[in-house]
Amino acid sequence: MMQDLVVHAVYIGYALAMLLTFGTVLTWVERKQAAVMADRIGANRAYVRIPFTQIRLIWIGLFHGLADGLKMMLKEDFKPASYDGFAYAIAPWVVFAPVLLVFGVIPFGGALVPAELFAWWPAVAAWFGERHYQLQIARLDAGLLIVFAFGGLTVIGAMLAGWSSSNKFSMLGALRAGSQMISYELVMGLTVLGLVLIYGTVDLTDIVQQQSGVLLGFLPAWGIFLQPFAAVLFITAAMAENRRIPFDLPEAESELIAGYFTEYSAMKMGLFMFAEFIEIAVIAAIFTTLFLGGYNLPFMHDGGFTLPGGVEIAMSHGWVVITQMVVFLAKVLFMSSFQILVRWTLPRFRYDQLLRFAWKFLFPICLANLVVTAVAVWALGGFQ
Amino acid sequence: MTRSTVQRRHRRVYWNEPEMGTWEKLYLLEVVRGLSITGGVFLRNMWKWCTGRKGAVTAYYPEEMRADYAAGNRGKHVLTRRADGSPQCVACNMCATVCPARVIEIEAAFDPADAAHPKSPARFEIDYSRCVFCGLCVEACPEDAIRMVKEVPDFPGTDRHRMWIGKEELLSWQPASDVAKPYPPAPQRGAKR
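What you are looking at is a predicted structure, and each value in this text was computed from that prediction instead of being measured.

Asks: What is the right way to look at the overall build of chain A in this model?
Replies: In terms of helices and strands, chain A carries 15 helices and nine strands. Rg of the C-alpha trace for chain A: 23 Å, near the compact-globule value of 21 Å for 384 residues, within the 12% margin. Counting only C-alpha atoms, chain A reaches 65 × 65 × 45 Å along its principal axes. When the 384 residues of chain A are sorted by exposure, 41% land in the buried category. In chain A, 77% of the contacts between residues at least 6 apart in sequence involve partners at least 24 apart.

This is how it looks when you write it as C-alpha cells:
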C-alpha cells in the first residue's frame, strides 16, 4: 500500500513538473518557431546576470518565459467594479484545473518494475517486492471518457469568465466559446469512435499496448496508419477546442479585444494563457496516445529492440523505461510544434465559416469515416 | 419582388472575386499546401542555424548593422576637411539656424593668422537624441562642410545624455589617408538623391 502511494506520488510530481515545464517552454518554442518560420531571429533579449559578475546568460531567449511570469506576478490585479466575485475568481481555475487533470489518465511510459530498477539497493528492492506498475497516474477503465469529460469542463470556465466580467465583449466571447467548443467536442468524440471500434476498448493503456505491433511487416501499428482521416480530423477539432488561431474566435482581438478574459489582468490572465499552452501539450499527449503509439517505438518491446532482420538488442529495465519516457516526450514535443506551425500558418476563420466547417464539413466526414470503419471492422471479423 | 431576388439579380461581382477550383474549396488540401510552405521555410532556416549559419534576414541590431543601406540614406553626419586636415566648417551657424530640431551647437574660434579662413569651429556638437535626419543642415551649408553618410549612428541606449557627438567624431574622414573611402556625395541642386 505504502509502495503504491510512493510510486504514484512520484508519478504525480513528474506529471506536474512535465506539464508546467511544457507550459513555460512552449511559450519560448512558440516565439522562436514563429520567428524562424518568418525569417526572423526571435526574442533573445531577456537575460539573467550572474550576481557580482558581468556574465549574462541569454541562452537563446529561454528567459523570456521567466520574464513573462514575473511581469504577470507584479502587475496590478485589476478587477471590474461590478462583477460576480465568486465566479470571476474561480473561472481561471475552472479552465486551468481540468487541463491538468486530463493528463492523469494518459500513459507516459510502459511497465515499471521498481524491484528491478532498484536491483542495486536490495532493501528497497525487497520493499517493493513483486509489485509492478504502469507509468500512468490512474489506470481507469474509462480512460478515454475521462479525457473527454475533463476536456468538456474548460468550456464552463470560459463561460463563467465571460458571464462574471460584466463586459459585453467578454459575454460575446463566452457565447462564441460555448457554441464553438460544444460543436467541436462532438466532432472530436466522433473521430475517436473509429479507434474505439478498432481497439475495442477505451482504456488508454490498452490502446497504447495494442499499438506496439507492426502492420504489413513494416508500418508501426499506430493509430494514424489505421485511421489517417480520424487523425487529421481529431487534431483539427482538438485545436478548435484549444481556441487558438485559426479557431480563436472567442478571443479574436480585432473583434472582441481579448474575448472572455478581457477583464482579467495579472496572473489571472496569465492562468488563462498558461492553460492554453499546457493544453497544447495535453492535446499533443492525447494525440500521441491515440494515434502515434504513445511511448512505443517500432520494433521495441519491454526487453529491448527486435529489428526486422532478426537482430536483437537487449536493454536493461531502467534503460527501457527511460527510452519509453523520452520517446513519449519527443512525440509530444513534435505534436506541440506541429500545432504551433498551424497556428502561425493559417488565418482566422470568420465565425459563420467556423461553425459551418464544424457542422457541414467535419461532421459528415466523421460520420462517413465511422461508417467505413465499422463496416471494415465487421468485415474483418473484429466484433468477436 | 422580394428583397432577396433583388439582391440576387444585382449581386456585384468584384474585380478580385476569388475563383476557387474544387481542390481549393476542399480547404484541407490547401491547408496542407500552406503548412508545407511554412514548414519548409522553418526547416530550411533551422538547418541554416544548426549548421552555424544565419537563418534570418533580419539583423541583430545593434550588435549587427545591416550592410544594405540605400546610397542616399541620410544617416550619421560627417564634417569634411581641407587638404591640410582642418575642418572645412567656417562656423557660420547656417546649419544650426536651419535645423528644425535645433540639435546642432557650434562654438566659433577666431584665428587672425589664417587670413583665408579666420573662423573655425572650436566646438561642433550634434544631439542625436533629437536629430530628425532631415538633411537640411547639409543643404544649408555654404562651404560643403557637413554631409551625411548612409550608415546610421550607433546609438541605441538608455541615456539621452550620451547621445551627443562631438567634433572629433564628426571629423572621422581623413582626406589624406581615406582615398579609397570617398566622402559621401555632396547634394546636387535639383537632382534626385
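Read on for the rest.
Asks: For this particular structure, what's the right way to read the domain arrangement of chain B?
Replies: Domain assignment breaks chain B into domain 1 (20–57) and domain 2 (77–170). Computed over C-alpha atoms, the centres of domain 1 of chain B and domain 2 of chain B are 50 Å apart.

Asks: What should I look at first to understand the pairing of strand 3 (residues 119–127) of chain B in this one?
Replies: The side chains of a regular strand alternate, first on one face of the sheet and then on the other. Residues and elements named next belong to chain B. Sheet analysis places strand 2 (residues 104–110) next to strand 3, joined by seven bridges and oriented antiparallel. Bridge pairing links alanine 108 to proline 121 in strand 3. Here strand 3 pairs with strand 5 (residues 164–165) via two bridges, running antiparallel. In the sheet register, aspartate 127 faces strand 5, and the bridge partner there is tryptophan 164.

Asks: I'm lost on the sheet that holds strand 2 of chain B in this one. Help?
Replies: To summarise the sheet geometry, strands pair through backbone hydrogen bonds and adopt either a parallel or an antiparallel arrangement. Sheet architecture is open: three strands sit in the order 2-3-5 (chain B), paired in antiparallel fashion. Of all strands in the sheet, those bounded by a partner on one side alone are strand 2 and strand 5 of chain B.

Asks: Looking at this structure, I do not really get the interface of chain B and chain A. What am I missing?
Replies: The figure often quoted for interface size is the accessible area lost as the parts come together. If you look at the interface, chain B gives 14 residues, while chain A gives eleven residues. Here the side of chain B that touches chain A is built from residues that sort into eight nonpolar, six polar and no charged.

Asks: How should the nonpolar core be read in this particular structure?
Replies: Side chains of nonpolar character tend, in soluble globular proteins, to be buried together. Formed by 86 residues in total, the largest nonpolar core has its most connected members in Val187, Phe234, Ala237, Ile278, Ala281, Val282 and Phe287 of chain A. Tallying contributions element by element places helix 13 (residues 266–291) of chain A first for this core, with 16 residues. Not counting residues up to four positions away in its chain, the partners in contact with isoleucine 278 of chain A are Leu19, Phe22, Gly23, Val99 and Leu100 of chain A. Residues Leu79, Met94, Cys95 and Cys141 of chain B belong to the second largest nonpolar core, which totals 16 residues.

Asks: Can you walk me through helix 15 (residues 351–379) of chain A in this structure?
Replies: Think of an α-helix as 3.6 residues a turn; residues three or four steps apart then line up on the same face. Residue and element names in this part refer to chain A. Here helix 15 spans 41 Å end to end across 29 residues, near enough to the 42 Å set by a 1.5 Å rise per residue. Of all the bends found along helix 15, the most pronounced is centred on phenylalanine 357 and spans about 35 degrees. All buried positions along helix 15 are accounted for by Leu354, Phe357, Ala358, Leu362, Cys366, Asn369 and Thr373. Following helix 15 by one or two positions, glycine 381 has its phi on the positive side, about 70 degrees.

Asks: What is the right way to read the packing of helix 1 (residues 2–37) of chain A against helix 2 (residues 64–74) of chain A from this model?
Replies: Between two packed helices, the angle of one axis relative to the other and the distance separating the axes together describe the packing. Residues and elements named next belong to chain A. With their axes 8 Å apart at the nearest point, helix 1 and helix 2 run at an angle of 120 degrees to one another. In this view, helix 1 runs oblique relative to helix 2, as classed from their interaxial angle. Note that helix 1 runs across helix 2; the crossing there is right-handed. Contact with helix 1, carried on its side by Thr24, Thr27, Trp28 and Arg31, involves His64, Gly65 and Asp68 of helix 2 and no other residues of that element. Considering only residue class, the contact of helix 1 with helix 2 consists of one nonpolar, four polar and two charged.

Reading the values: the criteria
Residues numbered from 1 in each chain as written. Chains lettered and ligands numbered in written order. Predicted model: local features only at pLDDT ≥ 70, side-chain atom pairs only at ≥ 80, totals over all residues. Helix = DSSP H or I, 4+ residues; strand = E, 2+ residues; numbered from the N terminus. Rg over C-alpha atoms; globule rule 2.2 N^0.38 Å. Buried ≥ 20, exposed ≤ 12 C-beta atoms within 10 Å, placed from the backbone. Contact = placed C-beta atoms within 7 Å. Domains from an automatic or database assignment. Pairing = 2+ DSSP bridges. Nonpolar A, V, L, I, M, F, W, Y, C, P; charged D, E, K, R; others polar. Core = buried A, V, L, I, M, F, W, Y, C linked by C-beta atoms within 7 Å. Expected span 1.5 Å × (residues − 1). Bend = angle between axes of the 7 residues up to and from the residue. Axes fitted to C-alpha atoms, helices over the stretch in contact; angles between N-to-C directions. Parallel < 35°, antiparallel > 145°, perpendicular 65-115°, else oblique. Left-handed = near helix turned anticlockwise from the far one by under 90°.

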